[in-house]
Structure formats: C-alpha cells, structure tokens
Amino acid sequence: MNITIQAFGIAKDILSGSTTTLEVEEGSTVAEVKAILARQYPAFEKLASLRLAVNASYVSDDHRISTNDEIVLIPPVSGG
Amino acid sequence: MEEILITSQRLDSKACTEAVTFPGAGGIVVFVGTVRNETRGKAVLQLEFECYEKMAVKELKKIAAEATSRWNLLKMVIHHRTGRVPIGEEAVIIAAAAPHRKEAFQACEYAIDTLKQTVPIWKKEFFEDGEVWVSAHP
C-alpha cells in the first residue's frame with residue numbers, strides 16, 4: 001500500500017519537502033515505516049528522537065498503519 | 001476549564017490574565033516565555049516556530065485539562081505563537097488560576113515542562129551565520 005507522510009521542522013528539511021509517499025506492505029507497523037525512512041534518509045538516525053503521529057496522536061512502534069491514516073513525522077519538539 | 005490558542009499574531013499577557021480572573025481565584029500565576037537574544041553565548045536574531053496545529057491544540061488541551069484536574073484550578077489558558085518572532089516578544093503564555101497560589105505555581109510549571117516535551121511545535125533559531133532547529137540533535 002502507499003502511504004503519505006507529512007513532515008515538520010527538521011524532518012521537512014531531511015525530506016526536502018513537507019510530504020513524501022512510501023510504498024509499504026499492508027499492515028506495516030510504525031517501526032517498519034521508520035526503518036524504511038532511515039534507509040532512504042540516513043539523516044533521520046542522527047536525530048535525538050523520531051516519533052510518528054497517526055491521526056494526530058502519538059502511537060507506539062508496534063502500531064499498525066492503514067492506508068487512510070494521517071501520518072506525521074515528529075522530530076524532537078521544541079515549543080515554548 | 002481551559003482556553004487554547006495558537007496564533008501568528010502577537011500574544012497578549014493582559015488578556016490571558018483577565019481570562020483567568022475570577023472572584024474565587026486567590027492565586028493567579030502567569031508564565032510568559034519570551035524570545036531571548038542569545039543561546040550558549042551566541043547572538044540570536046529571531047526565532048521561527050512551526051506547528052502541527054491540529055495535534056498541538058489537542059496536546060495543549062490535554063495538558064490544561066490534566067493541570068486543571070490535578071491542581072483543582074478554576075481555569076488554565078495557554079497561548080502559543082507561531083511563525084517568526086522577534087527578540088523580546090512572547091512565544092508562549094500560560095495562565096493558571098486557583099483558590100491558592102501554590103497550586104497555580106505548580107500547575108504552570110507542569111504545563112510549560114510538559115509542553116516542551118509533548119506538543120508538536122518546532123523552534124528554529126536564526127544566527128548571523130546560519131539557522132538551527134533547536135534540540136533536533138543529541
């Protein structure tokens with residue numbers, strides 16, 4: 001299945017854009033998606049942390065992604 | 001009770017204070033986080049905040065609701081600025097009202113500490129010789 005991932009902050013710089021589309025296996029987990037991203041963009045591994053938000057909530061690494069999910073890369077936050 | 005605002009307009013600490021002023025509020029604490037002119041001895045020219053707004057609002061509501069229930073607040077208000085913010089202007093304002101001061105102080109501290117860990121907002125510092133996303137690298 002194809003998934004679209006949105007990016008903010010430094011993740012946007014790493015992707016050179018605010019979205020990217022990945023081809024992943026049906027029922028892939030967050031951990032698997034992150035591993036694919038790290039292979040394609042090694043700069044992600046240098047970050048202090050990288051989380052994925054699915055449908056505007058933090059999810060754990062074993063969470064399974066669906067095609068219509070809103071998926072957003074969350075590099076280390078620094079508000080305030 | 002809570003009030004959350006994310007805006008590219010200048011924040012207003014007076015409005016935040018008024019929003020948490022009640023007859024029963026014996027203690028009102030207002031935290032104002034402003035843009036400092038240096039970081040680790042290096043001059044900062046300005047900041048830029050980027051925000052995943054839908055989720056940031058949700059996370060800020062969660063913080064305000066948790067603080068309200070844990071410290072029995074009358075109300076908490078959190079306003080956060082986005083976009084480019086010049087030196088000295090407000091980046092964030094948190095106002096907490098409680099019957100007594102101790103709860104209001106603790107709630108404010110909890111809110112800013114948690115905001116910095118969980119809310120999807122990203123700060124970029126601009127220097128003379130470049131720009132850096134804050135906290136991105138270990």
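The structure we're discussing is the one just above.
Since the structure is predicted, the reported quantities are computational estimates derived from the model, not experimental observations. (Residues numbered from 1 in each chain as written. Chains lettered and ligands numbered in written order. Predicted model: local features only at pLDDT ≥ 70, side-chain atom pairs only at ≥ 80, totals over all residues.)

## What about the overall build of chain A?
Phase 1: The number of helices and strands found in chain A is two helices and five strands.
Phase 2: Traced from its N-terminal end to its C-terminal end, chain A shows the element sequence β-α-β-α-β-β-β.
Phase 3: In terms of overall dimensions, chain A is globule-like: its C-alpha atoms have a radius of gyration of 12 Å, near the 12 Å expected for 80 residues.
Phase 4: Once the C-alpha set of chain A is aligned to its principal axes, its extents read approximately 35 × 25 × 20 Å.
Phase 5: By the burial criterion, 30% of the 80 residues in chain A qualify as buried.
Phase 6: Counted over contacts in chain A with a minimum sequence separation of 6, partners at least 24 positions apart contribute 45%. (Helix = DSSP H or I, 4+ residues; strand = E, 2+ residues; numbered from the N terminus. Rg over C-alpha atoms; globule rule 2.2 N^0.38 Å. Buried ≥ 20, exposed ≤ 12 C-beta atoms within 10 Å, placed from the backbone. Contact = placed C-beta atoms within 7 Å.)

## What to know about the sheet that holds strand β9 (residues 121–127) of chain B
Residue and element names in this part refer to chain B.
Phase 1: Overall, antiparallel pairing links the four strands, which are arranged β7-β5-β9-β10 in an open sheet. Here the strands that pair on one side only, and so sit at the sheet edges, are β7 (83–86) and β10 (130–133). The average angle at which neighbouring strand axes cross in this sheet is 25°, direction not considered.
Phase 2: Judged from the four bridges that link them, β9 and β10 form a sheet pairing that is antiparallel. Along β10, the bridge assignment pairs K124 with W133. (Pairing = 2+ DSSP bridges. Axes fitted to C-alpha atoms, helices over the stretch in contact; angles between N-to-C directions.)

## A look at the pairing of strand β6 (residues 75–81) of chain B
All names here are of chain B.
Phase 1: Taking burial as the measure, the seven residues of β6 include six buried ones, the bulk of the element.
Phase 2: Inspection of the sheet shows strand β1 (residues 2–7) paired to β6 by six bridges, in the parallel sense. Its bridge partner lying in β6, I4 is registered against I78.
Phase 3: In this structure, β6 lies alongside strand β8 (residues 90–98), joined through six bridges in antiparallel fashion.

## A few points about the sheet that holds strand β3 (residues 51–54) of chain A
Residue and element names in this part refer to chain A.
Phase 1: Strand order in the open sheet formed by five strands is β2-β1-β5-β3-β4, and the pairing between neighbours is mixed. In this open sheet, the two edge strands, each paired with only one partner strand, are β2 (19–23) and β4 (57–58).
Phase 2: Sheet topology note: the strand β1 (residues 2–7)/strand β5 (residues 71–74) ladder contains three bridges and is parallel. The residue of β5 that forms the bridge with A7 is L73.

## Considerations on helix α2 (residues 53–70) of chain B
Residue and element names in this part refer to chain B.
Phase 1: Here α2 spans 25 Å end to end across 18 residues, near enough to the 26 Å set by a 1.5 Å rise per residue.
Phase 2: Every buried residue belonging to α2 is among M55, A56, E59, L60, I63, A64, A67 and T68, and all of these are buried.
Phase 3: Trailing α2 by a residue or two, N72 shows a phi angle of about 55°, which is positive. (Expected span 1.5 Å × (residues − 1).)

## Some thoughts on the packing of α2 of chain B against helix α3 (residues 101–118) of chain B
Residues and elements named next belong to chain B.
Phase 1: Where α2 contacts α3, the two axes come as close as 10 Å, and the packing angle between them is 155°. In terms of axis orientation, α2 runs roughly antiparallel to α3. As for the relative orientation of α2 and α3, their crossing is right-handed in sense. Across from E59, I63, A64 and A67 in α2, the residues of α3 making contact are A107, Y110, A111, T114, L115 and T118.
Phase 2: Looking at the contact of α2 with α3 residue by residue, the class counts come to seven nonpolar, two polar and one charged. (Parallel < 35°, antiparallel > 145°, perpendicular 65-115°, else oblique. Left-handed = near helix turned anticlockwise from the far one by under 90°. Nonpolar A, V, L, I, M, F, W, Y, C, P; charged D, E, K, R; others polar.)

## A look at the interface of chain B and chain A
Phase 1: Between chain B and chain A, the residue contacts involve 25 residues of the former and 16 residues of the latter.
Phase 2: Elements that contribute at least two residues to the side of chain B that touches chain A include exactly β5 (46–51), α2, β8, α3 and β9 of chain B.
Phase 3: By residue number, the principal contributor to the side of chain B that touches chain A is α3 of chain B, which donates four residues.
Phase 4: Considering only residue class, the side of chain B that touches chain A consists of 15 nonpolar, five polar and five charged.

## With respect to α3 of chain B
Residue and element names in this part refer to chain B.
Phase 1: Compared with the 26 Å implied by 1.5 Å per residue over 18 residues, the 26 Å span of α3 between its first and last C-alpha is a close match.
Phase 2: The complete set of buried residues in α3 reads E103, A104, A107, C108, A111 and L115. One face of α3 carries all of its buried residues, which in axial projection span an arc of 130°. Along α3, exposed side chains directed more than 90 degrees from the buried face belong to K102, D113 and Q117.
Phase 3: Next to the buried residues of α3 lie β2 (27–34), α2, β6 and β8. (Arc of directions from axis to C-beta.)

Coordinates in, geometry out; function isn't part of it.
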